[in-house]
Structure formats: structure tokens, C-alpha cells
Amino acid sequence: MPFPTFSRRIFILIIPAIILILSVILKLTAGPLWQYCDPCYQYLFNALHMVKGMSPTYIDHPGTPLHLLIFFIIKILNIGHSSAQTLNNVLITPEFYLSVVNIILILFSFLISVCLGAYIYHKTQDLTAVFLTQLPGLSFPILQSYGYPDPFPPIVANVNPELLLIGITSLFNLTFLRLFFSKTQKTETRSTVLIGFICGLGLATKINFFPLLLPVLICLSWQRWPIFILTCSLSFILWTLPILYKYPVMGQWLLGILNHTGAYGMGSQGIIDWHEFFAHLFKDIFNNCWLYVLSIGGIFIYSSIQMIKNRSNRTIRFQWAAALGVLLQITIVAKHFSLHYLVPGIGLCGSVFFLFYIDKMMGNKRLKIMITLFIVLFILENIRESIVCSNKYFMLTNDIHSFQERIYSKYPACTIIASHSKTMSLYLSQNYALFFGNRYSSHRENQEILETHPHSYYFNPDLVDSDTDSYGIWNSNNRVFADDLLSSSACTIFIAGHDFTQSPFLLRQIETSTYANAYLLLGSTEKEANELFSKAEDFLNKGNYPTAFALALKSRELNYQPRNKVELLMTIIYHKIKK
């Protein structure tokens, strides 16, 4: 007996509802976002730039739709407040604003997935077709949000372009399949304009969305290419208006990615490091996404054979083009690897599965039963993996929370200095997250952070030669020496990962947990070592090389950091003396 129409439509909600529930559970168990402040706090600070009337500075992706979304949410939640008061509110409770953004993005993805399912059901009256189109979304709750190893959280527990791209990719599938079902010139033109707008939005959110443009160009008649290209370009410009004058900077960054073998435009000159490419392809991508790689690869081979036989078959052409788009995404990510870059490609798999199903399996009841069984097993496996993942993050968050409570309750009079674990990319205080976001957003909110968090410090262990990013203890943008903290504070404690061994400081470990330690500062040679180094530079400039060398040597003995600078100085002095 067939289901009543209403009951059948309720089934459209099943997969989106499961994804929604799993996403909320993972967000709750993953804990505060300051533990994983890259990149959510960077996007938050760039939205604060816009509150102040300035343009974003973190534009590599370029990511402006996410900047704009956070900006509008901040403004709505602070209606009636001045810009200064708004900044103050956000900096005092940043987690609240980021959590609101996270929930809105999760709900956006849910609603678009429901709309996609409703459209497919309207066109096919087939629930299996609906489930196959929505199915790839189940992979997102457990897809890690960054290239680091555990304990970095899944994308649904963070605020990043990928979380926005989940919904945008579902919108792409909706407009791509609408284009497929277009039967008249008028509806096809409308679909072309719609998908052009969505592609421009996707590109502005993250440039690695561009492989999805390929299926559209393949499936459109060449007469509609100008409409699509124009609409996509105008949409991209519209969504990137805040950074319009920074296009050359963004272009240089993209050029660096294209002509360098490493990530983010680093590494040696060249297009691809083949050793790394195949390592990422087989060890990382295939290991984590083997089901998509095998299924899409098989469908691509099948549709390629069918295309040779009959190029006019519309279903085969769309199927082949979508599979090619997924494979292009996989290829690009294998060069510039991180699993979260696969979001558009994984999402596009929904269209590939749907087109293959209606072409080969829709009328076969036996195959339909097998596919339904596979869908059920896929859902159950992803629920199981999500539960395992949420348990892991619950234990991590609980450990850090209890550790922090223990430190602040046992040592209320101490100055607490947060660092981060370099081996795990885990951040250990909200203050560090604020400084991190500000640091990678051109330090534009230095004064506001100093006003809202006047007694907060962070330790930067990175040995770089920059006035604003260098090694040491910082309060907003001001360098603070440990020697001064020893004299002005009742006690000083570093909270850092287990890899924290900083030689200018005399430390004693006082507390420990699974992911972090607390170290009491007992003494420091930092200030004296810095002063000796500065004097060595002065004597070098004056030509008094023996004194300069002696001072530099003494600075090194006192564990001057960064040591690379003192070693370079001593080398220069040594060659001057020899001459």
C-alpha cells in the first residue's frame, strides 16, 4: 500500500534532520570555539573591521560572504548601540556571537537540503532519488575543519567558509538539477542566471568552489555561456565589494598557489610535487573518502563510454559533467591538501548519484531495494562515527574546562599567560583566541582588546623577526618581559601544551591534564638577554666588533630568543673581525 502524499513528503526531512541533530550535538560537545580559534576568530575580527567602517584584511579565500554574514548578525544583535559599544560587546562575549553564526549556518544548510529534497520529490515522486541527492551531506558532521591532526573539530562545530559552502553547494545542486529538468528556452535561461549567481557566491566564499563551474559550462549550450559568465562575474563582484580594491593582492596570492608546489603558495617553484600529490591522493583522500572516489570514478568511466556512443543523451552528459567536476576537485585538493577543501566536491556527489540513479536504476525494483539498504547502512555508520567523534570532543572539552577551573580557583591572584600546543594546534584560553584573531587581522583592534581585557596576556612561541608578531609575552600589541611580571605580580603562570619548554624562563610544573600543563614562573633571563643583544647591535654599528661579539655571546648564554637572530649577528661580527 503506497504512503499518503503527506507521509511521503515527511521522509524528505529524514536526512537533513539527522544532519541537523548530529551537527548540534557535535557543536555542543566540541566546546568553546576559542579552543580551535583558527579561522573562526579571524573571521570575527574581520567582521569587526567592517563594524568600524574598514574593509576586511583576511581575504585569501576571499571569504567575504562569511565576513558579511557575521557583520550583519553583530549589527542586528546590537541595534541601537554605537560602533564602539558594539565592539566592546563582541570582545567581551565573542563566543556568544560565534555560536549564533554557527547555528544560523547549520540551519541554512538544513533548509536548503530540505528544499533540494522537496524539488527532487516534486520532479520524480521517488524517495530513493531524494535520499541519494541528500546523502553526501551526512559526511559533513565528521569532516575535520582543518588540515591539522586531532583534536581539531569537524566543520559543523566551527565557523568557517566550509560550513557556509555546505548550504551553497546544496543550492548549486538545486539549480544544476533545475537546469537539467529545464524543457524550454525560457526556463533554461532562468536556470542559467540562477546557477551563475550561486557560482559567484560560492567563489566569493572560497575560491576552491571553481571546479563546480566546469559541469555548468559543459552542460550549457555555448549560446548561454555569456549569460552564465556575466552573471557569475557580477555575483562574485557583488559579494566581494568590501575588498574590491584588494583584487591585486588576492590575485598575487592565487598566483603563488598556482606556481608553487607547497600549500598557501609556499614550497619550491613549480605546479605539483608529485610525491606529495600521490601521498595526499592515496593516503589521505582515498583513505577518508574511498566510497566517493570509487563510486564517482566508476560513474565517470561508465558515462564516458556512454558519451562516446551517444553524445546527445542529456542525462549522460549531465552525469558525466558532474562526475568530472568532482574528480577535478579531488585532483586540486591532492595538490593543496586539507580534507575540508573537499566540501564542494562531496556535495556535488549528490547530483552525480541522482543522475546515475534515474538513468540506470529508477525502474529496477531489485536494485532499488539494494540502494535503499545501502542508504540505511550509510546513515547508521555516519551516526555511529558522529557519536564516537562527539564523545572524543566531550572528553577533551571536559578535561580543558576542569583544568582551567582548577588553575583559576587555586591561583586567583596570579597572572595567567596562555600559549598554545604547537603539536596539536589546540588553544588554551579565550584571551589567546582574541589575540590570535587580532594578530592575523592586521592588529586593528589592539586598543579595544587592551580596554576590554587589560590584564590579559598571551605567549607567542613563534620565532619570527617582526615588531608585531615576534616571540615573547604580549598584552594586546605591547611586548611584556617576564622579569617585569615577576616584580609586578604575586605570581605568574604559563598555561601551555606538553611541548612547552622555553629556555629563557625558569619554570616549575604545578598542574597537568591530558592536553595541557601549568608552569609557575620562578625566574627569567629574558630581559637581560634582550638588552645585551640590543647593545651588541649598537656596538656592531659603531665598529667595535670585539665588544659586540662578547655581548652577543653573553646574550646567547642567557638563552636569548629568537636564537636565530643572535646566531646571525655573531656570524656577521665574526666576519667583520676576520677582515
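Note that the structure is a prediction, hence the values are computed from the model and not measured.

A.B. asks: Which residues make up empty space enclosed by the protein, and what values go with them?
C.D. replies: For the structure shown, the criterion picks out five cavities of 30 Å³ or more. Reported here for the largest cavity is a volume of approximately 230 Å³. What lines the largest cavity is a set of 21 residues, and nearest its centre among them are Ile 19, Gly 137, Phe 140, Ile 166 and Ser 170. Going through the elements one at a time, α2 (14–30), α6 (94–124), α7 (127–134) and α8 (161–181) are the ones with two or more residues in the lining of the largest cavity.

A.B. asks: Provide a residue-level description of the sheet that holds strand β7 (residues 492–496), including the pertinent values.
C.D. replies: Read across the sheet, seven strands follow the order β6-β5-β4-β1-β7-β9-β8 without closing on themselves; strand pairing throughout is mixed. Every interior strand has two partners, whereas the edge strands, β6 (478–480) and β8 (505–512), have only one. Pairs of neighbouring strands in the sheet enclose a mean axial angle of 35 degrees, with direction left out of account. Judged from the three bridges that link them, strand β4 (residues 457–460) and strand β5 (residues 472–475) form a sheet pairing that is antiparallel. Note that in β5 the partner of Tyr 458 across the bridge is Trp 474. Contacting β1 (415–418), β7, β8 and β9 (517–524), helix α16 (residues 365–410) crosses the sheet at an angle of about 115 degrees to β8. Of the strands in this sheet, β1 and β4 touch helix α17 (residues 430–439), which is tilted by about 60 degrees from β4.

A.B. asks: How would you sum up the state of the cysteines? Please name residues and give values.
C.D. replies: A complete count under the given rule lists one disulfide for this structure. With its sulfur 1.5 Å from that of its partner, Cys 414 forms a disulfide with Cys 491. Between Cys 414 and Cys 491, the S-S torsion sits near -70 degrees, and that sign places the bridge as left-handed. Here Cys 414 is found in the loop between α16 and β1, whereas its partner Cys 491 is found in the loop between α19 (482–488) and β7, with 77 residues between them in sequence. Unpaired in terms of disulfides, Cys 40 finds its nearest cysteine sulfur in Cys 37, a separation of 6.4 Å. Using a relative accessible area of 0% as the deciding quantity, one classes Cys 40 as buried.

A.B. asks: Talk me through the packing of aromatic side chains; I want residue IDs and the actual numbers.
C.D. replies: Across all of its chains, the model carries 32 aromatic pairs by this definition. Pairwise contacts between aromatic rings join Tyr 119, Phe 172, Phe 176, Phe 180, Phe 181, Phe 209, Phe 318 and Phe 354 into one cluster. The ring of Phe 539 is capped by Lys 542, whose NZ or CZ atom sits 5.6 Å from the centre of that ring.

A.B. asks: So, the pairing of β4: which residues are in play, and what are the values?
C.D. replies: Alternating residues of β4 divide into Tyr 457 and Phe 459 and Tyr 458 and Asn 460, and every residue in both groups is buried. Pairing geometry for β1 and β4, over two bridges, is parallel. Within β4, the position partnered with Ile 417 by the bridge is Tyr 457.

A.B. asks: Please give an account of the side chain of Ser 386 that cites residues and values.
C.D. replies: If you trace the backbone, Ser 386 turns up in helix α16. Among the polar contacts made by the side chain of Ser 386, one reaches the main-chain carbonyl oxygen of Asn 382 at a distance of 2.8 Å.

A.B. asks: How would you summarise the pairing of β8 if you had to cite specific residues and measurements?
C.D. replies: When a strand is regular, its side chains alternate between the sheet's two faces. Bridging between β8 and β9 involves seven bridges; their strand directions are antiparallel. Looking at the pairing, Phe 505 lines up with Ser 524 of β9. Once β8 ends, the chain turns through four residues before running back antiparallel as β9.

Calculation rules
Residues numbered from 1 in each chain as written. Predicted model: local features only at pLDDT ≥ 70, side-chain atom pairs only at ≥ 80, totals over all residues. Heavy atoms only, no water. 1 Å grid on protein atoms, 1.4 Å probe; cavity = no way out; pocket = protein on both sides within 12 Å on 5 of 7 lines; lining within 4 Å. Points joined across faces, edges and corners; volume = space filled by probe spheres on them. Helix = DSSP H or I, 4+ residues; strand = E, 2+ residues; numbered from the N terminus. Pairing = 2+ DSSP bridges. Axes fitted to C-alpha atoms, helices over the stretch in contact; angles between N-to-C directions. Contact = heavy atoms within 4.5 Å. Disulfide = S-S within 2.5 Å. Buried < 20%, exposed > 50% of the residue type's maximum accessible area, 1.4 Å probe, protein only. Phe/Tyr/Trp six-rings, centres within 6.5 Å; stacked < 30°, edge-to-face > 60°. Lys NZ or Arg CZ within 6 Å of the ring centre and 35° of its normal. Polar contact = N/O pair within 3.5 Å; in protein donor to acceptor, adjacent residues only side chain to side chain.

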